[in-house]
Amino acid sequence: MKLHSVVRSVLLFPIWVVQLGTSAKSFLDNPIIGSHRLNRLGLHVARVRCAAALCRFRRWRLARHVRPEWRGAFDRDGFVAISDLLPAKDFENLRQAILGYSGTAREMVQGDAITRRLAVDPQMLKAIPALRATLARPDIRGLFHYVASFRTEPLHYIQTIVTHAGAAASVGGDPQEALHADAFHSSLKAWFFLNDVKPDEAPFTYVSGSHRFTPQRLAWERARSIRSSNQLDRLTARGSPRVHRSDLAAMDLPEPRLLSVPANTLVVADTVGFHARGLSSQPTERVEIWSYARRNPFLPWIGGDFFSLPGVAERRITWVWSLRDCFSRFVGQPWRDVGLRTPIGGSAE
């Protein structure tokens, strides 16, 4: 081993150790997390089991704030789909206000799909009071907190998904179409659809019950943790494991369920469960309010999140985008600034 590699390892070793108690998940970036020897002794499975146990404890504390029917559906399936979330007139007014709003947007290309996001920031919330009111509803907040297992404010975006996107179509398939888990621990993602999602228009897809760490799921987690890096695809090695249909059968899990839903439906899911973006048979453009929350899974408490404070929470996205721009040379910046945009169509300038 070269001298500079030894020095680097010595300097980074304390960081790698600390990361064992965080959401760090990459087998490639942390040689302790990715150690075949330690994972044969049970390191990865121990992290999974500990994170899952703490998640159950936090959800137990948050359960009373969730509608029983929503909580029951989520506990059973790992997701809940709520149709007619808003009265029809209120929904249409909110939809038109969002589709007509223009703000600074970011875009990322993955395969032949383009994802465009506008941050739900103070300017948008001031311009669209109905959006603020919807996101502040106690029943919705209670569900978000329960699924995230923390009393934390999610990041909210207006998100547009464009499939079979022109020049991007030559790049290849969309990696989000492969069944996968986002990490080794629970996290929240939510979609409030502003237009109908048909079965052949890239519907959200989820394997019901795959959010539970059964003995079969734990065996699968152990098996992938002891494979060599050249036996894993890049995204799996980075900690977002892809799963094959044959694996589902071995874990006694059902076939994936396509959530073809009408507009005005809210879908909230724990993305430790296996999920994907469904296939699209033709170019589509879908707009949704997209929410996301993930915290350190090894925290026993449910609150204490400074970044959820009013005045801070709604500014986080802009801050993160700016920081990544400044340090893009070191951390990368997949989200390209595309200037002023509306959620659909081209430039608003």
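Just above sits the structure.
Residues numbered from 1 in each chain as written. Predicted model: local features only at pLDDT ≥ 70, side-chain atom pairs only at ≥ 80, totals over all residues. Heavy atoms only, no water.

## Here's the deal with the pattern of salt bridges
Applied cut-off: For this analysis, a salt bridge means a side-chain nitrogen from Lys or Arg found within 4 Å of a carboxyl oxygen belonging to Asp or Glu. Going along the chain from the N terminus, every DSSP run of H or I of four or more residues is numbered as a helix, and every run of E of two or more is numbered as a strand. We call a residue buried when its accessible area falls under 20% of the maximum for its residue type, exposed when it is over 50%, and partly exposed in between, using a 1.4 Å probe and counting protein chains only.
Within the structure shown, the criterion is met by 16 salt bridges. Between D139 and R67 there is a salt bridge, with the nearest N and O atoms lying 2.9 Å from each other. With a gap of 72 residues between them, D139 in helix α8 (residues 138-148) and R67 in the loop between α3 (43-62) and α4 (68-77) connect regions that are remote in the sequence. Overall, the relative accessible area of 37% leaves R67 in the partly exposed class. Here E314 and R315 are joined by a salt bridge, their closest N and O atoms 3.9 Å apart.

## Considering the packing of aromatic side chains
The following threshold applies: Any two of the Phe, Tyr and Trp rings considered here, Trp counted by its six-membered ring, make a pair once their centres fall within 6.5 Å; the pair's planes then place it as stacked at under 30 degrees, edge-to-face at over 60, or tilted in between. Over a ring means this: the NZ of a Lys or the CZ of an Arg is within 6 Å of the ring centre and within 35 degrees of the ring normal.
One pass over the structure, following the stated rule, counts twelve aromatic pairs. Put simply, the rings of F79, W191, F204 and Y206 pair up and form one aromatic cluster. Above the face of the W290 ring, R117 is positioned so that its terminal group lies 4.0 Å from the ring centre. R295 extends its terminal NZ or CZ atom over the ring of F150, reaching a point 4.9 Å from the ring centre.

## Some words on the nonpolar core
Under the convention used in this document: Side-chain atoms within 4.5 Å are what join buried Ala, Val, Leu, Ile, Met, Phe, Trp, Tyr and Cys residues into a set we call a nonpolar core.
L131, F192, L266 and V268 are the most contacted members of the largest nonpolar core, which has 42 residues in total. Looking at which element gives the most residues to this core, the answer is α8, with six residues. Core analysis: the next-biggest nonpolar cluster, separate from the first, contains 18 residues, W191, F193, I317 and W321 among them.

## Examining the sheet that holds strand β8 (residues 265-270)
Our working rule: At least two DSSP bridges between two strands are needed for those strands to be called paired. Only the contacting stretch of a helix is used when fitting its axis, a line to C-alpha atoms as for every element, and angles between N-to-C directions run 0 to 180 degrees. Contacts: residue pairs with any heavy atoms within 4.5 Å of one another.
Pairing in this open sheet of eight strands is antiparallel, and the strands run β1-β8-β5-β10-β4-β3-β2-β11 from one edge to the other. Edge strands, defined here as strands with exactly one partner in the open sheet, are β1 (79-82) and β11 (336-341). Here the average twist between neighbouring strands, direction ignored, is 25°. Relative to strand β10 (residues 285-293), strand β5 (residues 188-193) runs antiparallel, the two being bridged by six bridges. Counted as the bridge partner of W191 is W290 from β10. Its contacts with the sheet place helix α12 (residues 316-326) against β2 (103-110), β3 (113-119) and β4 (155-162), and it is angled at close to 70° to β4.

## What to know about the packing of α4 against α8
Here is the rule we go by: Convention used here: angles under 35 degrees read as roughly parallel, angles over 145 as roughly antiparallel, angles from 65 to 115 as roughly perpendicular, and any remaining angle as oblique. Throughout, a crossing is termed right-handed when the near helix is turned clockwise from the far one, and left-handed when it is turned anticlockwise from it by less than a right angle. Each residue receives one of three labels: charged for Asp, Glu, Lys and Arg, nonpolar for Ala, Val, Leu, Ile, Met, Phe, Trp, Tyr, Cys and Pro, and polar for the others, Gly being one of them.
Contact geometry of α4 with α8 gives a least axis separation of 11 Å together with a crossing angle of 25°. Relative to α8, α4 is oriented roughly parallel. When the axes of α4 and α8 are compared, the crossing they make is right-handed. On α8, the residues touching W70, R71, F74 and D75 of α4 are D139, I140, L143, Y146 and V147. For the contact of α4 with α8, a count of residues per class yields six nonpolar, no polar and three charged.

## Describing the sheet that holds strand β9 (residues 275-277)
Reading across from one edge, β7-β6-β9 is the order of the three strands in this open sheet, with antiparallel pairing throughout. Two strands in the sheet have a free side with no partner beyond their single neighbour: β7 (257-259) and β9. Mean inter-strand twist for the sheet, computed between neighbouring axes without regard to direction, equals 25°. One ladder, built from three bridges, connects strand β6 (residues 204-206) with β7; its direction is antiparallel. Within the sheet, the bridge partner assigned to Y206 lies in β7 and is R257.

## Focus on a nonpolar patch on the surface
Using the following cut-off: Candidate patch residues must exceed 30% relative accessible area and have no salt bridge, after which like charges are joined if within 9 Å and Val, Leu, Ile, Met, Phe, Trp or Tyr side chains if within 5 Å. Values of accessible area rely on a 1.4 Å probe in the Shrake-Rupley scheme; residue burial ignores everything except the protein chains shown.
On the surface, F306, F307, L309 and W319 cluster together into a nonpolar patch covering about 420 Å² of accessible area. Counting through the fold element by element, F306 comes out in the loop between β10 and α12. Residue F306 is classed as partly exposed on the basis of its relative accessible area, which comes to 48%.

## With respect to unusual backbone geometry
A positive phi angle, close to 55°, is found at A202, a residue other than glycine. For A202, a relative accessible area of 3% translates into the label buried. Positive phi, normally seen in glycine, also occurs at D252, with a value near 60°. In this fold, D252 is placed in the loop between α11 (245-250) and β7. Under the relative-accessibility criterion, D252 is labelled exposed at 63%.

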